[in-house]
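# Chain and residue survey
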Amino acid sequence: MDTTFALEMEGITKTFPGVKALDEVTLRVKPGTVHALMGENGAGKSTLMKCLFGIYQEDRGIIKLKGKEHRFKDSHDALNQGVSMIHQELSNVPERSVAENLYLGREPLNKIGLIDHKKMNDETRSLLENLEINVKPEVRIGSLSISMQQTCEIAKAVSYNASVVVMDEPTSSLTDNEVQHLFKIINRLREQNVAVIYISHKMEEIFTIADEVSVMRDGQMIGTYDVTEMTNEKLISLMVGRDATLRFPEFKSKVGEVLLKVENLSSPNPRSFQDVSFEVHRGEILGIGGLVGAQRTELMEAIFGVRAIREGKIYVDGDEILNMTPRKAIEHGIGMITEDRRGSGIFPLMDISNNTSIASLKEYLNKLHLLKHKEMKEESVRYNKALRTKTPTMETLIQNLSGGNQQKVIISRWLMTLPDVLIMDEPTRGIDVGAKYEIYQIMGQLVEQGKAIIMVSSEMPELIGMSHRVMVLCSGKCTGVLDKSECTQENIMRLATKFM
Amino acid sequence: MKKTVAILLVLALVCTGLFAQGGKEATDDTVKIGALIRNLNEQFVKDYADNLRKLAEENGVELNLQDAQGDVARQLDQLNTLITQGYKYFVIIPQDTSVTEQMAQQIQAVGGGAAFSNIQPSVDALKVGKDFYLASSPELVAGQYQAQIVDDYFTQYPEKAPGKVLNILYLQGQLGHPAQISREAGFIDTLESLGYTVNFVAKDTADWTPDKAQEKMDTWLAAHRGKFNLVVAQNDGMALGAVESLITNGLVDNDPSDGTILSFPVLGIDATADALNSMDQDKLYATVLQDSVGQSSTAFELAYAMATKGTAQGVTAWGIEPAKEVISEAPANDPAVISQCYLVPFKPITKENYKDLM
Amino acid sequence: MEMKKLLKDSKKVATQYTTWVTFVGLLLLLSILTNGQALRWGSIRNLLIAESVRSFAALGVGMIIITKGIDLSIGYVVCLTASVAASFAQNPDYSSAVYAGQSFPLIIPIVAAVAAGGLFGLFNGYLIAYGKLPPFIATLGSMSIAKGLQLIYTKAAVVGSLNQNFKNISQGSVGPVPNLIIYVAIAAFIVWILLKHTRQGTHFYAIGGNAQAARVSGINVERDLMMVYFYAGLLYGTAGTLLASRLGLANSLTANGMELDAIAAVTVGGVSQNGGVGKVSGMMVGVFTMGLINYGMSFLGVDSYYQQLVKGFIIIIAVYFDMKKYARRA
């Protein structure tokens, strides 16, 4: 094995007004390895990567590429030097083809200076074949699934002859199958002596794919370890700085009468959910499992009235609700925390206080029908305090909070509407371990208070650890409901892939 | 933070306050005249303004010229501004007749006076005080002159308008513009009084511009070819647009004996340099001179007399004396204000006299 | 030390309160250039009057932009409503009056104009909220419709010779304070209450900030969107009435181009084109900043061609700083 490191970042220090974001951080990555970078949100992982790509200018420290000191002007410069990053959010041009996206900004030209489409498509094809990605170069990239688009971004990184590839939460929107495919590609990169920096919150993945793991906490590098000498608990305690043996809180709730009942719900879109029936009881967490594409989110949105239904009935407390709209749903005590926090959750330019109270303004009107700002704010403070939202002030814009804290604000928003049934679609996506645990605790308290929760989740342990029952969907159809006792990864997986 | 904002605001206000205290009205005795001009984008108005500037310089007058850019409200604001700055005597091309009375009242309130050109002031505006004058050419007259020229043409070639029926393609200026309304009225009334049957085959606005006129004409020629015998525009710009259209559509008889090589006579108003050139090439048939220099010189001399002598009543300005007899167009139709009206003549420009202007 | 902190804070203030800083800066500049003349009460009064009608348009389109919409129809809608108001306020003995020989009570022109504005607002709102037309296109269409209706209604003639009672609505004053300024203050207050203290106002911000999240939060996005255009329409109707009353006439040129002035003013006033951001105070300061530029330059006798140039630069600079302020912190 090569003795020089592919990438060395030594003694990186970065201070923002009032905060030391990075404190003498050192990270060394060997070529031909997968190096996991872990830490809670706010630990400094993103800041470190931004220093690497020249988005931030570090105060102190050295960056070396293959032993040679280097500093990048911007991410494009980095790309040309063989250092690329695959972001959580896609950054492609959806209306252009796969090949055009791969060669964006460096299209091969023919003799008279026009784009040589044939050459571009041919090169893309051989590249994709080499990575066992089964996509035609001519296909419009926007027509592919999210995971396929992401895979194409990896191909793009590879096409620059990358020696270092940074992947930031690459699996957050992938199904298990797709994750397996991604790992296959990562293994291939490893064989080609590429160094992969893998940022993720998911323990299982780290143990499957990584060779080494570096843990950061509060802007400091705690250490780099061989994955083989690590355990789940050890890793968590390194990250949070305390022993965290419990991944899921204990809660005792009494499962009572039916709160929400759905009968034969079908979407007007024949490829979406069809003929789904279930019920949720007071004090119960109903998990909804399935792979990406199982139409779980679509089903939830239909129940909440965001999407249309073709047929089927929705009962709340025994009363049928016709022509459901979000407003009616809220009036009947249903709340919904959506999957896409940025797209349909937060109001980025509103402050915490307004983000919390926006769904319950009706309850804060005085005799003149004007808003009671003071009470609204007090209540917002109360909920956010209870949920331990970390924010400088209530007037801070929500876009400036971390993902976990944004999620807590949104949970506060829905708790403020005093719901009986709370639909939570991927409630802990992109949230660090500490905040995750807190959200589980909140969920436990809610069901202990007699509320019902419907939780859509793609994380098996979460589904198994939190739910009383799990309903599994596959291709829009309900393939079974598992009781707590039958809830195992294997059973869920079997139902989730029933029609595949 | 909040404190800083407060400090800065107070500082700023104190500063402005200091300056405000220190500001004193200019007390020298240069003659100050304000000019409120409706829209410098029009050739006539621009020529008028240029002549004003020239006269101001020659006479050592401090001239503050404001362009209303076609907006009545802006013109009123500009009047307010100038009055605040101590201007009392004005040369005005109003944006609209209806607003002149209000302007006159404001000027009267500070003991000043004004001369109005181009767009006629209302009778009521002139009645506000003795020092409000008309220094303009009545728009009706321009239309009347166009009608006269048309009559001369068809008297000479009666076979081109059998039965004295005129089938006209008529290009209007911006709709609602006072000149647009008066020129049209003068034109129609005169022709009818001369015994013509006036039939507008097509009539629409081209907003005073050549390109829109050409576009309109192209459409009309496609629709009404052979159904008309005369093209009239309310200014030269549009007339020239029409000329271009006729040429590109092949409506040319190449016989200049009737004064134009086009198949039909085209008339404009303004006598711009381009129009005269076109006449020289036997394209445009005739136009009417609206005398920008005459109007602005008359208005300037009136304002200058007011500023130096306190009033301009009864003076002779640019060789023109106050009108003595009423005419049919307001405001010179009211005997009470007739002595405040200085009528600058329009002039029909035809083959016979166009060379005098070149 | 104190000084240093003040300096540092001033910098922060400058980015945080771009709108105010621009305004105060221009005020200072103008007072220096004119030796203080431009800031006497008479001048300020002129400025306030000059911007009064535009303030109504700005308040309307300001609310619309907060919901991430736009309205290009303002100029011609104000033109139409001004013509409607004027047509019911003409002296009955005026021979070319729209309703010659008839006189109407003072309330008629006001109600008719405001109703016409409101109807146009509903029309725009319906197309945008329920017809799902992009606001740019919907209002582009209604702009032309308004212009057409105005020309048809007035037969392209000037609607002049308005009665004194009607003219007094705008031309009168209470003590030294012109009526127009009082109306603007009232309108700004009402819009402030609406935006800041009512549910619907909060919903406008939510819709502009994230329409999908607003829908999920139980907000009736369609209805609220329609209402914002309706309210704006009422403001345009009022603007039309006041304009006709102030000028003593209405014609097809009245208020032309007001949409651009109003959009520029609120944008300078910190109402973000990306939606979800904007305050009444900002809108008003924006209007008066633009007014100050107009006013200052005509006070100084700057050629009108240069005025356009300077205005353009001010808009771009103000918005540039604003965009920086709201850029998402990575």
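Since the model is a prediction, treat every value here as computed from it, not as a measurement. (Residues numbered from 1 in each chain as written. Chains lettered and ligands numbered in written order. Predicted model: local features only at pLDDT ≥ 70, side-chain atom pairs only at ≥ 80, totals over all residues. Heavy atoms only, no water.)

## Concerning the overall build of chain B
We count it as follows: By definition, any uninterrupted DSSP run of H or I lasting at least four residues is a helix, any uninterrupted run of E lasting at least two residues is a strand, and each is numbered from the N terminus. For each residue, the accessible area found with a 1.4 Å probe, counting protein chains only, is set against the maximum for its type, and the residue is called buried under 20%, exposed over 50%, and partly exposed in between. Residue contacts follow a heavy-atom distance rule, with two residues in contact if any of their heavy atoms lie within 4.5 Å. To measure how exposed things are, a 1.4 Å probe is used in the Shrake-Rupley method; for residues, cover is taken only from the protein chains shown.
In terms of regular secondary structure, chain B is built from 11 helices and 12 strands. Considered along the principal axes of its C-alpha atoms, chain B spans approximately 80 × 60 × 35 Å. Expressed as a percentage of its 358 residues, the buried residues of chain B come to 57%. Partitioning the contacts of chain B with sequence separation of at least 6, the portion at a separation of at least 24 is 69%. When the accessible surface of chain B is summed, it comes to about 14100 Å², and 52% of that surface belongs to carbon and sulfur atoms.

## Thoughts on the interface of chain A and chain C
Inclusion rule: As a working definition, buried area equals the accessible area (1.4 Å probe) given up by two parts on being put together, with both sides summed. The rule for a salt bridge is simple: a side-chain nitrogen of Lys or Arg has to be within 4 Å of a carboxyl oxygen of Asp or Glu. Only Asp, Glu, Lys and Arg are considered charged, only Ala, Val, Leu, Ile, Met, Phe, Trp, Tyr, Cys and Pro nonpolar, and every remaining residue, Gly among them, polar.
Contacts between the two partners involve 32 residues from chain A and, on the opposite side, 27 residues from chain C. Together, the buried faces of chain A and chain C total about 2400 Å²; carbon and sulfur atoms form 62% of this surface. Three residues stand out in chain A for area buried against chain C, namely A:R327, A:F347 and A:L349, and they jointly supply 21% of the buried area on that side. Put simply, chain A and chain C have zero salt bridges between them. Broken down by class, the residue content of the side of chain A that touches chain C amounts to 18 nonpolar, nine polar and five charged.

## Details of the sheet that holds strand β16 (residues 334-337) of chain A
Residues and elements named next belong to chain A. How we decide: By this definition, two strands are paired if DSSP reports at least two bridges between them. Only the stretch in contact is used when fitting a helix axis, every axis being a line fitted to C-alpha atoms; angles between N-to-C directions are given from 0 to 180 degrees.
Pairing within the open sheet is mixed, and its six strands lie in the order β16-β17-β18-β13-β19-β20. Of all the strands in the sheet, the pair left with one neighbour each is β16 and β20 (477-483). Sheet twist, expressed as the average angle between the axes of neighbouring strands with direction ignored, equals 20 degrees. The pairing of strand β17 (residues 421-425) with strand β18 (residues 452-456) spans five bridges and is parallel.

## Quick notes on the UniProt feature "transmembrane region" (unreviewed entry) in chain C
Note the cut-off: UniProt positions are given in the numbering used here, feature names are shortened, and annotations may be inferred rather than shown by experiment.
What UniProt calls "transmembrane region" (unreviewed entry) maps, in this numbering, to residues 103-123, 135-153, 173-195 and 228-249 of chain C. As annotated, residues 135-153 of chain C has a helix share of 100% and a strand share of 0%, and its two end C-alpha atoms lie 26 Å apart.

## Brief notes about the environment of B:H224
As for its placement among the helices and strands, B:H224 is situated in helix α8 (residues 210-224). Along the chain, B:H224 and B:Q156 lie 68 residues apart, while their C-alpha atoms are 25 Å from each other.

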